[in-house]
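Listed here are the chains, written in short residue letters.
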Amino acid sequence: MQVWDWSVFFDTLVNVGILQGVWTTVWLTMVTLVLAIAVGTVVALIGRIERLPAQWFYQGFVAFFRATPLLVQLVFLYSALPQMDIRLTVIQAAIIGLTLSESPYVAEIVRSAISAVPPAQWEAARAIGMRPLTIMRSIVFLQALRIALPPLGNEFVRQLKNTSLVSVISMTELFRATDNVIQNNFRVLEALTVATIYYLLLTALWTFLQRAFERRNSHWFSETAGSVAKRSTGVVA
Amino acid sequence: MSAPVPGPFIRVTNAVKRFGDFVALGGISVEVDKGQAVALIGPSGSGKSTLLRCLNALERIDEGMIIVGGEQIGAWVDTSGARRQLSLRDQARQRESIGMVFQSFNLFPHMTALENVASGPRLVRRTARLEAETAARALLERVGLGDKAGSYPRQLSGGQQQRVAIARALAMKPNVMLFDEPTSALDPETVQEVLNVIREVRESGMTMLIATHEMEFARQVSDRTIFMERGQIVEQGPSAEVLVSPRTERCRRFLSGLTGTTTVA
């Protein structure tokens, strides 16, 4: 048997199953990251409530989903819940598992971004007569968003890699699609090289898009950061 | 809420404010009539800022009473005579008519100068955008920044930012303006432009309290001056007297210390 077969490599590269797997990986990453941002933001806002039950909930949520491996969570959702008569489809289990496991990381990012908005901003808004919800929505949240966006972008890459774990509950994303090819032709080296290339391409593409976005909106990002750093002196426009 | 009562517009009675063991306000009483301008002077940590912050309930007093425009600030008295905290909503409503200008401007960095000035009317009073921005533009003109409406705070000098902050406070049409060392964070060359704006606000008849280290400015713009030290009022009276020929030794020492190296603790 040849060590490396180029024709197998190129066949695998454009294999329909693999390409469908790439697409599944992409949409699964995007959907679960968006959901995780929604869940994580709500959890972060609960974590800002200075009441004990809210604090317990926040700490408990973050600790629980960070302390348990995603792999275990996925298998639990898909294989253990049916014993309690809760039956999830593969896609449901994958989406719920990836969302819940990512949301504590988002919650921590959002919470620290909100804390990074100077207290003086709250005071200035209160002094005008704004109520807490208005301040959160129109003053603090918009500034926190600019602080949170770069780290949230990094989470996309992490989530993209995490999707490979849903293969164990038989969801055919990129990794499992690759495995299917291997089961047919036993060319492990070529197939996994292809999978690696696709993961690399996807993360590289995302990193490029994120950099481009941040560069294009650099003024947008520096307004918050800049005003935090310099308090009194400014450059005359 | 209680009906407006005749008498001084601002009445602070035996106000006490503690931060842990530190007594920031040691039971002070101040009265300011409508249309009066009062300068607060004294060394750092003397309680000037704390007094201003208590006047619009950014800080809560521990004892005593603060009445502005006939309304108790931050608290109300129930039928049994006990003092209760006002809801956040009512505190916010009270702050609408009390303008505050901070030492470090605290403009909203994600908004242009125009949006900053319009933010109060838009987000608190729900004024329509066009109306709020027309009024905001007029206020920017008034503080001499009509051409900076579209600039973001980071594009403005300190003095310009502070003038925007004054316009932002004025946009709520307050009954009283509180200035907390408005020029202390400024480069010397921009101090005057801010003082000129405050002077203009004063000439419009605004009731105001100004914590400041600009003694010459305090003498020109204020009717009365209050000298504070360690949370107490040491001396108060017409500005011309307190600032020019103070009665107390401590005030004299403070004023002379300002010209040389400060010796006041």
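About the cut-offs
- Residues numbered from 1 in each chain as written.
- Chains lettered and ligands numbered in written order.
- Predicted model: local features only at pLDDT ≥ 70, side-chain atom pairs only at ≥ 80, totals over all residues.
- Helix = DSSP H or I, 4+ residues; strand = E, 2+ residues; numbered from the N terminus.
- Rg over C-alpha atoms; globule rule 2.2 N^0.38 Å.
- Contact = placed C-beta atoms within 7 Å.
- Buried ≥ 20, exposed ≤ 12 C-beta atoms within 10 Å, placed from the backbone.
- Nonpolar A, V, L, I, M, F, W, Y, C, P; charged D, E, K, R; others polar.
- Axes fitted to C-alpha atoms, helices over the stretch in contact; angles between N-to-C directions.
- Parallel < 35°, antiparallel > 145°, perpendicular 65-115°, else oblique.
- Pairing = 2+ DSSP bridges.
- pLDDT = per-residue confidence, 0-100.
- Core = buried A, V, L, I, M, F, W, Y, C linked by C-beta atoms within 7 Å.
- Expected span 1.5 Å × (residues − 1).
- Bend = angle between axes of the 7 residues up to and from the residue.

S.K.: What should I look at first to understand the overall build of chain B in this one?
M.R.: Assigned secondary structure in chain B consists of 9 helices and 12 strands. In terms of overall size, chain B behaves like a compact globule, its C-alpha atoms giving a radius of gyration of 19 Å where 265 residues would be expected to give roughly 18 Å. Expressed as lengths along the three principal axes of its C-alpha atoms, the size of chain B is roughly 55 × 50 × 35 Å. When contacts within chain B are restricted to residue pairs at least 6 apart in sequence, long-range pairs at least 24 apart make up 62% of them.

S.K.: What is the right way to read the overall build of chain A from this model?
M.R.: Helices and strands together make up the secondary structure of chain A, namely 10 helices and 0 strands. In chain A, the succession of helices and strands from N to C terminus is α-α-α-α-α-α-α-α-α-α. Taking 2.2 N^0.38 as the reference for a compact globule, 237 residues should give roughly 18 Å; the C-alpha atoms of chain A span a radius of gyration of 22 Å, well beyond that estimate. If one aligns the C-alpha atoms of chain A with their principal axes, the spans along those axes are about 75 × 55 × 20 Å. Within the span of chain A, comprising 237 residues, buried residues form 35% of the whole.

S.K.: Sorry, what's going on with the interface of chain A and chain B here?
M.R.: Interfaces are often sized by the amount of accessible area the parts lose when they come together. Taken together, the contacts link 26 residues of chain A with 33 residues of chain B. For the side of chain A that touches chain B, the elements supplying multiple residues, two or more each, are helix H6 (119-128), helix H7 (132-162) and helix H10 (218-229) of chain A. No other element matches the 7 residues that H6 of chain A contributes to the side of chain A that touches chain B. Taken together, the residues that form the side of chain A that touches chain B break down as 10 nonpolar, 11 polar and 5 charged.

S.K.: Could you clarify how one ought to interpret the environment of Ala107 of chain A in this entry?
M.R.: Position of Ala107 of chain A relative to the elements: it lies in helix H5 (residues 90-116). When neighbours within four sequence positions are excluded, Ala107 of chain A is seen to be in contact with Gly40, Val43, Ala44, Gly47 and Val62 of chain A.

S.K.: Teacher, can you tell me more about the packing of H7 of chain A against helix H9 (residues 188-216) of chain A here?
M.R.: When two helices pack together, their arrangement is given by the angle between the helix axes and by the axis-to-axis distance. All names here are of chain A. As a packed pair, H7 and H9 sit with axes 10 Å apart at the nearest point and diverge in direction by 170°. It follows that H7 is roughly antiparallel to H9 by the angle criterion. Between H7 and H9, the contacting residues are Pro150, Gly153, Phe156, Val157, Leu160 and Lys161 on the first element and Tyr199, Leu202, Thr203, Trp206, Gln210 and Glu214 on the second. Here the residues of the contact of H7 with H9 are counted per class, giving 7 nonpolar, 3 polar and 2 charged.

S.K.: Hey, could you run me through the sheet that holds strand S1 (residues 10-19) of chain B in this one?
M.R.: Backbone-to-backbone hydrogen bonds join strands into a sheet, with any given pair of strands oriented parallel or antiparallel. Taken together, 4 strands build an open sheet; the order of strands is S2-S1-S4-S5 (chain B) and the sheet is antiparallel. In this open sheet, the two strands that pair with only one neighbour each are strand S2 (22-32) and strand S5 (71-72) of chain B.

S.K.: Would you mind going over the sheet that holds strand S9 (residues 176-180) of chain B with me for this structure?
M.R.: Residues and elements named next belong to chain B. Read across the open sheet, the 6 strands follow the order S8-S9-S10-S3-S11-S12; overall the sheet is mixed. Either end of the sheet is taken by a strand with one partner, and the two such strands are strand S8 (98-101) and strand S12 (232-238). Sheet twist, expressed as the average angle between the axes of neighbouring strands with direction ignored, equals 15°. Where strand S11 (residues 224-229) and S12 come together, 6 bridges link them in antiparallel fashion. Its bridge partner being in S12, Phe227 is matched across the sheet by Glu235.

S.K.: What exactly am I supposed to notice about the confidence of the model for chain B here?
M.R.: For any part of a model where pLDDT is low, the fine detail of the predicted coordinates should not be relied upon. All names here are of chain B. Of all residues in chain B, 95% have pLDDT values of 70 or greater, and the mean over the chain is 91. Put simply, strand S6 (residues 75-77) is where chain B has its lowest mean pLDDT, 82, and S9 is where it has its highest, 97. Every residue in residues 260-265 is under pLDDT 50, and counting partners more than four places away or in other chains gives 7 contacts. ipTM for the predicted complex: 0.89, alongside a pTM of 0.83.

S.K.: Before we go on, may I ask you to explain the nonpolar core in this structure?
M.R.: Note that soluble globular proteins tend to have their nonpolar side chains buried in a common cluster. Counting 108 residues, the largest nonpolar core has Leu40 and Val117 of chain B as the members making the most contacts within it. In terms of residue count, the dominant contributor to this core is H5 of chain A (8 residues). With residues up to four places along the chain from it excluded, the contact list for Leu40 of chain B reads Lys48, Leu51, Leu209, Ile210, Ala211, Ile226 and Met228 of chain B. Judged by nonpolar contacts, the second largest core, of 11 residues, contains Leu28, Leu74, Ala93 and Ile169 of chain A.

S.K.: Where do I start with the confidence of the model for chain A in this structure?
M.R.: Averaged over every residue, the pLDDT of chain A is 90; residues scoring 70 or more account for 92%. Counting interchain partners and residues more than four positions distant, the pLDDT-below-50 stretch residues 224-237 of chain A has 27 contacts.

S.K.: Explain H5 of chain A here, please?
M.R.: Since the α-helix advances by 3.6 residues per turn, residues separated by three or four positions end up pointing in the same direction. Counted at 1.5 Å a residue, the expected span for H5 of chain A with its 27 residues is 39 Å, and the 39 Å between its end C-alpha atoms agrees. For H5 of chain A, the principal kink sits at Ser103 of chain A and spans about 35°; a proline, Pro104 of chain A, occurs within the next four residues.

S.K.: Please explain the pairing of S1 of chain B as it appears in this structure.
M.R.: Residues and elements named next belong to chain B. For S1 and S2, the ladder comprises 8 bridges, and the chain directions are antiparallel. The residue bridging Ala15 from the neighbouring strand is Ile28, located in S2. In terms of strand pairing, S1 meets strand S4 (residues 63-68) through 5 bridges, oriented antiparallel. Across the sheet, the residue bridging to Val12 is Ile66, located in S4.

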